[in-house]
Amino acid sequence: MESILVGADRSEGSRRALRFALQRARVNEWKVTLVHVIQWSPYSFPTLEDNEKRPVVMKAAIERAQIEILDPLLSWAGSAFEDIGITTVIRHGKPSEVLADLASEEGHDMIFVGRTGDANLRVAIFGSTANRLAQHAPVPVVVVP
């Protein structure tokens with residue numbers, strides 16, 4: 001049985017990607033993993049005080065992401081796609097890298113993402129998660145408009 005990853009953030013594009021992925025998962029009997037990545041750079045230069053607080057801050061961010069992002073998506077999906085089991089993953093890092101790494105490490109067959117997501121000036125300069133995934137992911141990437 002194939003399994004797929006679906007990248008999730010707060011955007012409508014993310015909801016469209018999840019809907020598209022779940023429709024295909026139902027027909028093809030795929031396993032679905034919904035993933036949210038909290039932006040986190042390993043290249044920051046934390047102080048000693050930051051290092052002490054970091055585990056607490058990271059745990060709080062994971063709990064907040066579950067409540068604010070994944071739970072609403074799961075609630076919406078459950079009403080329309082209750083026959084599909086969806087697992088969730090929350091990680092810290094760069095979204096394109098985390099999704100590509102998860103696909104590789106856990107043997108997922110495909111990644112679904114929305115074309116537009118949480119965006120700002122950085123995305124305009126450095127490119128989008130969907131763009132980077134399409135260029136570097138080890139599996140096919142479906143970019144949903």
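Residues numbered from 1 in each chain as written. Predicted model: local features only at pLDDT ≥ 70, side-chain atom pairs only at ≥ 80, totals over all residues. Heavy atoms only, no water.

A. Structural detail: the environment of Thr129. Relative to the assigned elements, Thr129 resides in helix α5 (residues 129-136). Looking at Thr129, the relative accessible area reads 23%, which means it is partly exposed. In the structure, Thr129 is positioned 34 residues away from Pro95 in sequence and 6.4 Å away in space, judged by C-alpha atoms. (Helix = DSSP H or I, 4+ residues; strand = E, 2+ residues; numbered from the N terminus. Buried < 20%, exposed > 50% of the residue type's maximum accessible area, 1.4 Å probe, protein only.)

B. Quick look at the sheet that holds strand β3 (residues 86-93). The strand order β3-β2-β1-β4-β5 describes an open sheet built from five strands, whose pairing is parallel. With one partner strand each, in any of the chains shown, β3 and β5 (141-144) form the two edges of the open sheet. Direction aside, neighbouring strands of the sheet carry axes that sit 25° apart on average. As paired strands, strand β1 (residues 3-7) and strand β4 (residues 110-114) are joined by three bridges and run parallel to one another. Counterpart to Ile4 in the pairing with β4 is Met110. In the packing of α5 onto the sheet, the strands contacted are β4 and β5, and the crossing angle to β4 comes to about 160°. (Pairing = 2+ DSSP bridges. Axes fitted to C-alpha atoms, helices over the stretch in contact; angles between N-to-C directions. Contact = heavy atoms within 4.5 Å.)

C. Seen up close, the packing of helix α3 (residues 95-106) against α5. Contact pair α3 / α5: the axes reach a minimum separation of 9 Å and the direction vectors enclose 40°. Between α3 and α5, the crossing angle belongs to the class labelled oblique. Where α3 crosses over α5, the two elements pack in a sense that is right-handed. Counted together, Pro95, Ser96, Leu99 and Ala100 of α3 and Thr129, Arg132 and Leu133 of α5 form the full contact between these two elements. Looking at the contact of α3 with α5, its residues break down into four nonpolar, two polar and one charged. (Parallel < 35°, antiparallel > 145°, perpendicular 65-115°, else oblique. Left-handed = near helix turned anticlockwise from the far one by under 90°. Nonpolar A, V, L, I, M, F, W, Y, C, P; charged D, E, K, R; others polar.)

D. Representation of the pattern of salt bridges. Evaluation of the coordinates by the stated rule reveals four salt bridges. The partner of Arg26 in a salt bridge is Asp83, and the shortest N-O contact between them spans 2.9 Å. Note that Arg26 is positioned in helix α1 (residues 12-28) and Asp83 in the loop between α2 (48-80) and β3, a separation of 57 residues in sequence. The partly exposed category is assigned to Arg26, whose relative accessible area is 36%. Measuring nitrogen to oxygen at the nearest pair gives 3.9 Å for the salt bridge that ties Arg91 to Glu106. Of this pair, Arg91 sits in strand β3 while Glu106 sits in helix α3, placing them 15 residues apart in sequence. (Salt bridge = Lys/Arg side-chain N within 4 Å of Asp/Glu carboxyl O.)

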